Amino acid sequence: MPASEAEAFYEREDHGRFLPTAYTRGPWDADSQHAGPPAALLGLAVEQRPGGRPDMRVARLTYEIMRPVPMRPLNVSTRVLRAGRSVELVEVGLTPDGGQEVMRATVLLMKAAPGSVPEVSPGRQVPGPEAAPSKAFFPVPWEQGYHTAMDLRFAAGSFLEPGPATAWMRMRVPLVAGEEITPLSRVLTAADSGNGVSAELDFHRYVFINADLTVSLHRHPEGEWVCLDARTMVDGAGIGLAESALHDEKGPLGRSTQTLFVAARG
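All values reported here derive from a predicted model rather than from experimental measurement.

Quick look at the overall build of the chain
Then, number 1: Helices and strands together make up the secondary structure of the chain, namely 4 helices and 13 strands.
Then, number 2: Against the 2.2 N^0.38 benchmark of 18 Å for 266 residues, the chain shows a C-alpha radius of gyration of 18 Å, consistent with a compact globule.
Then, number 3: Its C-alpha atoms give the chain principal-axis dimensions of roughly 50 × 45 × 35 Å.
Then, number 4: The proportion of buried residues among the 266 residues of the chain is 53%.
Then, number 5: Long-range contacts, defined as pairs at least 24 residues apart, comprise 64% of the intrachain contacts of the chain with a sequence gap of at least 6.

Section: the layout of surface pockets
Then, number 1: Within this model, the largest pocket holds a volume of roughly 730 Å³.
Then, number 2: What lines the largest pocket is a set of 29 residues, and nearest its centre among them are Trp-28, Gln-33, Asp-192, Ile-209 and Asn-210.
Then, number 3: Ranked by residues supplied to the lining of the largest pocket, first place goes to strand β9 (residues 206-210) with 5 residues.
Then, number 4: Considering only residue class, the lining of the largest pocket consists of 17 nonpolar, 8 polar and 4 charged.
Then, number 5: The calculated volume of the second largest pocket comes to roughly 550 Å³.
Then, number 6: At the level of secondary structure, the elements contributing two or more residues to the lining of the second largest pocket comprise β3 (56-65) and β6 (103-111).
Then, number 7: Ranked by residue count, the leading element in the lining of the second largest pocket is β3, at 3 residues.

Quick word on the nonpolar core
Where a protein is soluble and globular, its nonpolar side chains tend to be buried together.
Then, number 1: Phe-9, Tyr-63, Met-103 and Val-215 are the most contacted members of the largest nonpolar core, which totals 66 residues.
Then, number 2: When residues of this core are assigned to their parent elements, the largest contribution, 7 residues, is made by helix α1 (residues 36-47).
Then, number 3: Every residue in contact with Tyr-63, bar those within four places of it in the chain, is listed here: Ala-39, Leu-42, Gly-43, Met-103, Arg-104, Ala-105, Leu-188, Ala-211, Asp-212 and Leu-213.
Then, number 4: Judged by nonpolar contacts, the second largest core, of 5 residues, contains Val-126, Ala-132, Trp-168 and Cys-227.

A short note on the packing of aromatic side chains
Then, number 1: Evaluated as defined, the whole model comprises 4 aromatic pairs.
Then, number 2: With 6.5 Å between their ring centres and 35° between their planes, Phe-9 and Tyr-146 make a pair best called tilted. A residue pair is termed long-range when its members are at least 10 positions apart, and Phe-9 in the segment before β1 (10-14) and Tyr-146 in helix α2 (residues 146-149) qualify at 137 residues. Each of the two residues, Phe-9 as well as Tyr-146, counts as buried.

Concerning the side chain of Arg-17
Then, number 1: Relative to the helices and strands, Arg-17 is located in strand β2 (residues 17-20).
Then, number 2: In terms of polar contacts, Arg-17 uses its side chain to reach the side chain of Asn-75, at 3.5 Å.
Then, number 3: When neighbours within four sequence positions are excluded, Arg-17 is seen to be in contact with Glu-11, Arg-12, Pro-73, Leu-74, Asn-75 and Asp-97.

Some words on the pattern of salt bridges
Then, number 1: In the structure shown here, the tally under the stated rule is 14 salt bridges.
Then, number 2: Glu-179 is paired through a salt bridge with Arg-12; the nearest N and O atoms lie 2.6 Å apart. Residue Glu-179 is found in the loop between β8 (161-171) and α3 (183-191), and its partner Arg-12 is found in strand β1; the two are separated by 167 residues along the sequence.
Then, number 3: Within this structure, Asp-151, Arg-170, Arg-172 and Glu-224 form a network of salt bridges that share partners.

Let's talk about empty space enclosed by the protein
Then, number 1: Per the stated rule, a full pass over the model turns up 1 cavity of 30 Å³ or more.
Then, number 2: Each pocket or cavity is described by its volume, and for the largest cavity that value is around 40 Å³.
Then, number 3: What lines the largest cavity is simply Ala-199, Glu-200, Leu-201, Phe-208, Thr-232, Val-234 and Leu-260.
Then, number 4: Of the residues that constitute the lining of the largest cavity, the class distribution is 5 nonpolar, 1 polar and 1 charged.

Quick word on the pairing of strand β10 (residues 212-217)
Then, number 1: Judged by how many residues are buried, β10 sits mostly within the fold: 5 of 6 residues are covered.
Then, number 2: Across 5 bridges, the pairing between β3 and β10 is antiparallel. Note that in β10 the partner of Glu-64 across the bridge is Asp-212.
Then, number 3: By the bridge criterion, 4 bridges tie β10 to strand β13 (residues 251-264) in an arrangement that is antiparallel. Residue pairing for β13: Ser-216 is matched across the bridge by Arg-255.

With respect to the packing of α1 against α3
Then, number 1: Packing of α1 against α3 leaves a shortest axis separation of 7 Å and a crossing angle of 155°. Judged on the interaxial angle alone, α3 and α1 are roughly antiparallel. For the crossing formed where α1 meets α3, the hand is right-handed. Between α1 and α3, the residues in contact are Gly-36, Ala-39, Ala-40, Gly-43, Leu-44 and Glu-47 and Leu-184, Ser-185, Leu-188 and Thr-189, respectively.
Then, number 2: Residue composition of the contact of α1 with α3, by class: 5 nonpolar, 4 polar and 1 charged.

Cut-offs applied
Residues numbered from 1 in each chain as written. Predicted model: local features only at pLDDT ≥ 70, side-chain atom pairs only at ≥ 80, totals over all residues. Heavy atoms only, no water. Helix = DSSP H or I, 4+ residues; strand = E, 2+ residues; numbered from the N terminus. Rg over C-alpha atoms; globule rule 2.2 N^0.38 Å. Buried < 20%, exposed > 50% of the residue type's maximum accessible area, 1.4 Å probe, protein only. Contact = heavy atoms within 4.5 Å. 1 Å grid on protein atoms, 1.4 Å probe; cavity = no way out; pocket = protein on both sides within 12 Å on 5 of 7 lines; lining within 4 Å. Points joined across faces, edges and corners; volume = space filled by probe spheres on them. Nonpolar A, V, L, I, M, F, W, Y, C, P; charged D, E, K, R; others polar. Core = buried A, V, L, I, M, F, W, Y, C linked by side-chain atoms within 4.5 Å. Phe/Tyr/Trp six-rings, centres within 6.5 Å; stacked < 30°, edge-to-face > 60°. Polar contact = N/O pair within 3.5 Å; in protein donor to acceptor, adjacent residues only side chain to side chain. Salt bridge = Lys/Arg side-chain N within 4 Å of Asp/Glu carboxyl O. Pairing = 2+ DSSP bridges. Axes fitted to C-alpha atoms, helices over the stretch in contact; angles between N-to-C directions. Parallel < 35°, antiparallel > 145°, perpendicular 65-115°, else oblique. Left-handed = near helix turned anticlockwise from the far one by under 90°.

In structure tokens:
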């Protein structure tokens, strides 16, 4: 059960320990968190790491999701693997009380020098959130969870329509109680939803679980809204790939991918 009733995804107990709330609960299992909030928590740990340089910006995060993240207090560990002049590599891990590590990320940071080179950002433009109607998540058997913590609007497709979709998402609650939401947290809280919004198979007949998540950002996010222009591909052998072009209201900002285990429900 959740360890906190704060109006946020987490409550910070100390620097590296966090108590989840019901808002972290995913749609499939009452005892497990949606992977978006834990992914954002690891990203925040990188942003807040001791000795972090203000001129270094997160360019890529690769997550290994080793097992479901339980609804239990979480402990975050941080280790710098490489600290170069222009590139840093940081490893962060997430371990619940009394359990094994459930999620780990390797994060690449690069030195940012605004205005030093010409800006080039090709990519498909998508309709903004003001032009996208609000649409509900698919039916979830509990009242509070990730599905109620996120504002969701579809410019194309929906949870209940198979195939590619363009979904705008916005956090309704902070990542950590009493703390300002960082732009990176907004992206990471949403990015793990790509395989859900663009599902090609019936939720009731098949599972399509992502065992990883990679988020690459060529630009620093801006504003409250994050868009996933997502599509899913599935091989008959049971391996799939969900790919999302990431946007904010300014335009394209990066891409995320998820490797999927696909199987018929037992």
